[in-house]
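Next come the chains, spelled out residue by residue.
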Amino acid sequence: MKPKVAFFDFTSCEGCQLTVVDSLQTHLDLLDAVEIVQFREAISERGEDYAIAFVEAPISRESDEERLKKIRAQASVLVALGACAHIGGVNAIKNLAPLDDVRKYVYGDKAQWYATYAARPLSAVVQVDAFIPGCPIDREEFIRVVKAALMGKKLPIPDYPMCVECKLKENVCLFHKGGFCLGPVTRAGCGAICPTYSDGCEGCRGAVSNPNVNSMKDVLAEHGLTPDDVLARMTMFGAYEMTKV
Ligand code: SF4
Ligand code: SF4
Ligand code: SF4
(Lines give C-alpha, C1' and ligand atoms only; values in the text may rest on other atoms or scores of the structure.)
(Ligands and ions follow the chains in the order given, each with its own letter.)
Protein backbone atom coordinates (compact mmCIF):
# COMPACT_ATOMS: atom_id res chain seq x y z
CA MET A 1 0.00 0.00 0.00
CA LYS A 2 1.28 3.47 -0.84
CA PRO A 3 1.96 5.87 2.06
CA LYS A 4 -0.80 8.45 2.35
CA VAL A 5 0.43 12.03 2.34
CA ALA A 6 -1.32 15.32 3.10
CA PHE A 7 -0.28 18.97 2.78
CA PHE A 8 -1.52 21.72 5.08
CA ASP A 9 -0.97 25.43 5.51
CA PHE A 10 -1.66 28.13 8.06
CA THR A 11 -0.75 31.82 7.57
CA SER A 12 1.75 31.93 4.72
CA CYS A 13 2.34 32.98 1.14
CA GLU A 14 2.00 29.33 0.01
CA GLY A 15 5.18 29.63 -2.03
CA CYS A 16 6.56 26.40 -0.59
CA GLN A 17 3.46 24.45 -1.58
CA LEU A 18 3.68 25.97 -5.06
CA THR A 19 7.27 24.73 -5.21
CA VAL A 20 6.02 21.23 -4.35
CA VAL A 21 3.47 21.38 -7.19
CA ASP A 22 6.19 22.64 -9.50
CA SER A 23 8.66 19.92 -8.51
CA LEU A 24 6.11 17.13 -8.90
CA GLN A 25 5.56 18.11 -12.52
CA THR A 26 9.02 16.86 -13.38
CA HIS A 27 9.07 13.96 -10.88
CA LEU A 28 5.96 12.04 -11.75
CA ASP A 29 7.59 8.88 -10.38
CA LEU A 30 7.03 10.28 -6.91
CA LEU A 31 3.30 10.50 -7.56
CA ASP A 32 3.37 6.75 -8.26
CA ALA A 33 5.08 6.07 -4.93
CA VAL A 34 2.66 7.94 -2.64
CA GLU A 35 -1.03 8.69 -2.44
CA ILE A 36 -1.79 12.36 -1.83
CA VAL A 37 -5.07 12.48 0.08
CA GLN A 38 -5.19 16.21 0.89
CA PHE A 39 -3.49 19.16 -0.79
CA ARG A 40 -5.67 22.26 -1.09
CA GLU A 41 -3.52 23.84 -3.79
CA ALA A 42 -3.60 20.81 -6.06
CA ILE A 43 -6.61 18.56 -5.43
CA SER A 44 -10.15 18.94 -4.12
CA GLU A 45 -10.24 15.72 -2.03
CA ARG A 46 -9.98 16.05 1.75
CA GLY A 47 -8.83 12.63 2.99
CA GLU A 48 -8.14 12.47 6.72
CA ASP A 49 -6.32 9.12 6.88
CA TYR A 50 -2.83 10.40 6.11
CA ALA A 51 0.38 9.06 7.62
CA ILE A 52 2.74 11.83 6.51
CA ALA A 53 1.82 15.50 6.94
CA PHE A 54 3.73 18.37 5.34
CA VAL A 55 2.83 21.62 7.06
CA GLU A 56 3.67 25.04 5.64
CA ALA A 57 3.59 28.26 7.70
CA PRO A 58 4.20 29.25 11.29
CA ILE A 59 1.53 29.32 13.96
CA SER A 60 0.26 32.91 14.15
CA ARG A 61 -2.80 32.75 16.38
CA GLU A 62 -3.90 30.71 19.32
CA SER A 63 -6.78 29.06 17.47
CA ASP A 64 -4.30 27.54 14.98
CA GLU A 65 -2.79 25.43 17.74
CA GLU A 66 -5.78 23.09 18.01
CA ARG A 67 -5.77 22.36 14.27
CA LEU A 68 -2.03 21.71 14.28
CA LYS A 69 -2.38 19.36 17.23
CA LYS A 70 -5.07 17.39 15.37
CA ILE A 71 -2.76 17.06 12.37
CA ARG A 72 0.01 15.94 14.71
CA ALA A 73 -2.24 13.34 16.33
CA GLN A 74 -3.13 11.81 12.95
CA ALA A 75 0.29 11.89 11.29
CA SER A 76 3.01 9.35 12.02
CA VAL A 77 5.48 11.80 10.50
CA LEU A 78 5.09 15.59 10.54
CA VAL A 79 7.39 17.63 8.32
CA ALA A 80 7.83 21.42 8.61
CA LEU A 81 7.79 22.71 5.04
CA GLY A 82 9.84 25.86 4.50
CA ALA A 83 11.35 28.60 6.62
CA CYS A 84 8.05 29.83 8.09
CA ALA A 85 7.22 26.41 9.52
CA HIS A 86 10.83 25.58 10.38
CA ILE A 87 12.06 28.77 12.08
CA GLY A 88 9.14 31.24 12.03
CA GLY A 89 10.37 33.00 8.90
CA VAL A 90 9.08 36.30 7.61
CA ASN A 91 5.85 36.07 9.60
CA ALA A 92 7.87 36.50 12.77
CA ILE A 93 9.10 39.96 11.71
CA LYS A 94 5.98 41.23 13.47
CA ASN A 95 7.32 39.82 16.74
CA LEU A 96 9.86 42.67 16.74
CA ALA A 97 7.15 45.32 17.30
CA PRO A 98 4.31 45.66 19.81
CA LEU A 99 1.52 43.39 18.60
CA ASP A 100 -1.21 46.03 18.91
CA ASP A 101 0.79 48.41 16.72
CA VAL A 102 1.24 45.68 14.12
CA ARG A 103 -2.47 44.83 14.08
CA LYS A 104 -3.43 48.50 13.68
CA TYR A 105 -0.85 48.97 10.94
CA VAL A 106 -2.24 46.03 8.95
CA TYR A 107 -5.94 46.14 9.75
CA GLY A 108 -6.51 49.79 10.71
CA ASP A 109 -9.74 50.42 12.60
CA LYS A 110 -10.72 46.74 12.10
CA ALA A 111 -7.75 45.52 14.13
CA GLN A 112 -9.92 44.08 16.88
CA TRP A 113 -11.57 41.74 14.35
CA TYR A 114 -8.39 39.78 13.75
CA ALA A 115 -6.86 37.54 16.36
CA THR A 116 -3.12 37.14 16.20
CA TYR A 117 -0.16 36.44 18.48
CA ALA A 118 3.60 36.23 18.14
CA ALA A 119 4.37 33.96 15.17
CA ARG A 120 6.27 30.80 16.04
CA PRO A 121 7.63 27.72 14.25
CA LEU A 122 5.62 24.49 14.38
CA SER A 123 8.13 23.00 16.81
CA ALA A 124 7.07 25.57 19.44
CA VAL A 125 3.63 23.91 19.52
CA VAL A 126 4.05 20.24 18.56
CA GLN A 127 6.82 17.73 17.98
CA VAL A 128 8.23 18.07 14.47
CA ASP A 129 9.91 14.99 12.98
CA ALA A 130 11.72 16.63 10.07
CA PHE A 131 12.03 19.92 8.23
CA ILE A 132 12.74 21.10 4.73
CA PRO A 133 14.38 24.52 5.07
CA GLY A 134 14.42 27.58 2.85
CA CYS A 135 12.22 30.42 1.61
CA PRO A 136 10.94 28.94 -0.51
CA ILE A 137 12.06 25.31 -0.26
CA ASP A 138 14.40 24.06 -2.94
CA ARG A 139 12.43 21.93 -5.42
CA GLU A 140 15.18 19.31 -5.88
CA GLU A 141 15.88 19.11 -2.16
CA PHE A 142 12.18 18.41 -1.57
CA ILE A 143 12.33 15.46 -3.98
CA ARG A 144 15.57 14.16 -2.43
CA VAL A 145 14.14 14.36 1.08
CA VAL A 146 10.88 12.61 0.20
CA LYS A 147 12.69 9.82 -1.65
CA ALA A 148 15.09 9.30 1.26
CA ALA A 149 12.19 9.22 3.71
CA LEU A 150 10.33 6.65 1.62
CA MET A 151 13.44 4.46 1.54
CA GLY A 152 13.96 4.84 5.27
CA LYS A 153 17.27 6.65 4.77
CA LYS A 154 18.72 9.60 6.70
CA LEU A 155 17.26 12.81 5.31
CA PRO A 156 19.84 14.59 3.13
CA ILE A 157 19.59 18.03 4.76
CA PRO A 158 23.10 19.51 5.08
CA ASP A 159 24.27 20.55 8.53
CA TYR A 160 27.36 22.53 7.62
CA PRO A 161 27.72 26.26 6.90
CA MET A 162 26.85 28.00 3.66
CA CYS A 163 30.47 29.14 3.29
CA VAL A 164 31.43 25.58 2.30
CA GLU A 165 29.17 25.74 -0.75
CA CYS A 166 30.22 29.31 -1.47
CA LYS A 167 33.92 28.38 -1.46
CA LEU A 168 33.25 25.40 -3.73
CA LYS A 169 31.75 27.87 -6.20
CA GLU A 170 34.97 29.91 -5.97
CA ASN A 171 33.03 33.07 -5.07
CA VAL A 172 34.96 36.00 -3.69
CA CYS A 173 33.68 36.40 -0.13
CA LEU A 174 31.32 39.35 0.24
CA PHE A 175 33.08 40.44 3.43
CA HIS A 176 36.14 41.13 1.22
CA LYS A 177 33.98 43.37 -0.95
CA GLY A 178 32.55 45.43 1.91
CA GLY A 179 29.38 43.35 2.11
CA PHE A 180 27.73 41.35 4.85
CA CYS A 181 26.62 37.75 4.93
CA LEU A 182 25.25 35.18 7.41
CA GLY A 183 26.93 32.35 5.52
CA PRO A 184 29.32 31.34 8.34
CA VAL A 185 26.42 30.31 10.61
CA THR A 186 23.67 29.41 8.09
CA ARG A 187 22.78 25.88 7.03
CA ALA A 188 24.01 25.08 3.52
CA GLY A 189 21.94 23.43 0.82
CA CYS A 190 20.77 26.23 -1.49
CA GLY A 191 24.06 26.28 -3.38
CA ALA A 192 24.96 29.62 -1.77
CA ILE A 193 22.67 31.21 -4.31
CA CYS A 194 22.52 34.69 -2.74
CA PRO A 195 26.28 35.23 -2.35
CA THR A 196 26.79 33.76 -5.81
CA TYR A 197 24.69 36.66 -7.14
CA SER A 198 26.47 39.15 -4.84
CA ASP A 199 23.73 39.34 -2.22
CA GLY A 200 24.56 38.44 1.35
CA CYS A 201 22.87 35.41 2.87
CA GLU A 202 19.99 36.35 5.20
CA GLY A 203 19.72 32.93 6.77
CA CYS A 204 16.45 31.59 5.33
CA ARG A 205 17.63 28.02 5.91
CA GLY A 206 18.20 28.64 9.60
CA ALA A 207 21.36 28.18 11.60
CA VAL A 208 23.50 25.05 11.48
CA SER A 209 22.97 22.99 14.61
CA ASN A 210 26.40 23.82 15.99
CA PRO A 211 27.29 27.26 14.62
CA ASN A 212 30.89 28.36 15.06
CA VAL A 213 30.04 31.59 16.86
CA ASN A 214 33.67 32.39 17.68
CA SER A 215 34.63 32.12 14.04
CA MET A 216 31.74 34.41 13.10
CA LYS A 217 32.89 36.92 15.72
CA ASP A 218 36.43 36.77 14.29
CA VAL A 219 35.14 37.46 10.79
CA LEU A 220 33.09 40.38 12.09
CA ALA A 221 35.98 41.84 14.07
CA GLU A 222 38.27 41.55 11.06
CA HIS A 223 35.87 43.69 9.05
CA GLY A 224 34.98 46.21 11.76
CA LEU A 225 31.53 44.71 12.42
CA THR A 226 29.77 43.67 15.62
CA PRO A 227 27.26 41.03 16.78
CA ASP A 228 24.58 43.76 16.52
CA ASP A 229 25.23 43.81 12.78
CA VAL A 230 24.43 40.09 12.75
CA LEU A 231 21.18 40.67 14.62
CA ALA A 232 20.17 43.38 12.16
CA ARG A 233 20.75 40.92 9.33
CA MET A 234 18.78 38.17 11.06
CA THR A 235 15.51 40.07 11.24
CA MET A 236 14.20 38.81 7.90
CA PHE A 237 13.99 35.14 8.88
CA GLY A 238 15.33 34.84 12.41
CA ALA A 239 13.04 37.21 14.33
CA TYR A 240 11.41 34.36 16.27
CA GLU A 241 14.78 33.16 17.52
CA MET A 242 15.77 36.74 18.42
CA THR A 243 12.61 37.50 20.40
CA LYS A 244 11.58 34.21 22.00
CA VAL A 245 11.65 34.16 25.77
S1 SF4 B 1 8.98 29.93 3.65
FE2 SF4 B 1 8.87 31.64 2.20
S3 SF4 B 1 7.90 30.78 0.37
FE4 SF4 B 1 7.52 29.33 2.07
S5 SF4 B 1 5.53 29.96 2.90
FE6 SF4 B 1 7.09 31.05 4.08
S7 SF4 B 1 7.31 33.03 3.03
FE8 SF4 B 1 6.26 31.67 1.62
S1 SF4 C 1 30.11 35.37 0.87
FE2 SF4 C 1 29.04 34.58 2.66
S3 SF4 C 1 28.80 32.39 2.29
FE4 SF4 C 1 30.36 33.15 0.89
S5 SF4 C 1 32.28 32.78 1.97
FE6 SF4 C 1 31.67 34.88 2.42
S7 SF4 C 1 30.53 34.71 4.34
FE8 SF4 C 1 30.66 32.65 3.49
S1 SF4 D 1 22.04 32.10 0.56
FE2 SF4 D 1 21.05 32.30 2.56
S3 SF4 D 1 19.28 33.63 2.24
FE4 SF4 D 1 19.99 32.94 0.22
S5 SF4 D 1 18.74 31.14 -0.23
FE6 SF4 D 1 20.61 30.40 0.75
S7 SF4 D 1 20.15 30.29 2.97
FE8 SF4 D 1 18.56 31.54 1.98
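Quick summary incoming for the structure in this document. (Residues numbered from 1 in each chain as written. Chains lettered and ligands numbered in written order. Predicted model: local features only at pLDDT ≥ 70, side-chain atom pairs only at ≥ 80, totals over all residues. Heavy atoms only, no water.)

1. Structural notes on the packing of aromatic side chains
Our working rule: Pairing of aromatic rings covers Phe, Tyr and Trp, the last counted by its six-membered ring, and requires centre-to-centre distances within 6.5 Å; plane angles under 30 degrees mean stacked, over 60 mean edge-to-face, and any other angle means tilted. The helix and strand labels rest on DSSP assignments: H or I over at least four residues marks a helix, E over at least two residues marks a strand, and numbering proceeds from the N terminus. The buried label applies to any residue whose accessible area, calculated with a 1.4 Å probe on protein chains only, is under 20% of its type's maximum; exposed applies above 50%, and partly exposed to all values in between. As a reminder, the over-ring test applies to NZ of lysine and CZ of arginine, requiring each to be within 6 Å of the ring centre and within 35 degrees of the ring normal.
For the structure shown, the criterion picks out seven aromatic pairs. Consider the rings of Phe7 and Phe54, whose centres lie 4.9 Å apart with planes at 10 degrees: the pair is stacked. Taken together, the positions of Phe7 in strand E1 (residues 4–9) and Phe54 in strand E3 (residues 52–56) put the pair 47 residues apart, joining distant regions of the chain. When its relative accessible area of 5% is taken as the criterion, Phe7 is described as buried. Judged by its relative accessible area of 6%, Phe54 is buried. Arranged with centres 5.1 Å apart and planes meeting at 65 degrees, the rings of Phe8 and Tyr50 form a pair that is edge-to-face. With a gap of 42 residues between them, Phe8 in strand E1 and Tyr50 in the loop between strand E2 (35–39) and E3 connect regions that are remote in the sequence. Take Tyr50: its relative accessible area is 4%, and that puts it in the buried class. Taken together, the ring pairs connect Phe7, Phe39, Phe54 and Phe142 into an aromatic cluster. When the ring centre of Trp113 is taken as reference, the NZ or CZ atom of Lys110 above it lies at 5.7 Å.

2. Some points on the site of ligand 1
Note the threshold: It suffices for a single heavy atom of a residue to lie within 4 Å of a molecule or strand for the residue to be listed as near it. Throughout, the ten residues Ala, Val, Leu, Ile, Met, Phe, Trp, Tyr, Cys and Pro are labelled nonpolar, Asp, Glu, Lys and Arg are labelled charged, and all others, Gly among them, are labelled polar.
What surrounds ligand 1 is the set Ser12, Cys13, Glu14, Gly15, Cys16, Glu56, Ala83, Cys84, Val90, Gly134, Cys135 and Pro136. Those elements that place two or more of their residues in the shell around ligand 1 are helix H1 (15–25) and helix H4 (83–87). Across the shell around ligand 1, the residue classes tally to seven nonpolar, three polar and two charged.

3. What to know about the pattern of salt bridges
Here is the rule: The rule for a salt bridge is simple: a side-chain nitrogen of Lys or Arg has to be within 4 Å of a carboxyl oxygen of Asp or Glu.
According to the stated counting rule, one finds 15 salt bridges in the structure shown. In the salt-bridge network here, residues are joined through shared partners; they are Asp9, Glu14 and Arg40.

4. A word on the pairing of strand E4 (residues 77–81)
The test is simple: Call a crossover right-handed when, viewed with both strands pointing away from you, the route from the first strand across the helix to the second goes clockwise. Criterion used throughout: strands pair if DSSP finds at least two bridges between them.
Of all the five residues making up E4, four are buried; the element is thus mostly covered by neighbouring parts of the structure. In this fold, E3 hands off to helix H3 (residues 62–74), which returns the chain to E4; that crossover is right-handed. In this sheet, strand E5 (residues 130–132) lies alongside E4 in parallel orientation, the contact comprising three bridges. Bridging across to E5, Leu81 finds its partner in Ile132.

5. A closer look at the environment of Ala51
Operational definition: Any two residues whose heavy atoms approach within 4.5 Å are treated as being in contact.
Here Ala51 shows up in the loop between E2 and E3. The exposure class of Ala51 is partly exposed, given its relative accessible area of 26%. Sequence spacing of Ala51 and Ala75 is 24 residues, and the spatial spacing of their C-alpha atoms is 4.6 Å. Ignoring sequence-local partners within four residues, the contact set of Ala51 consists of Lys4, Ala75, Ser76 and Val77.

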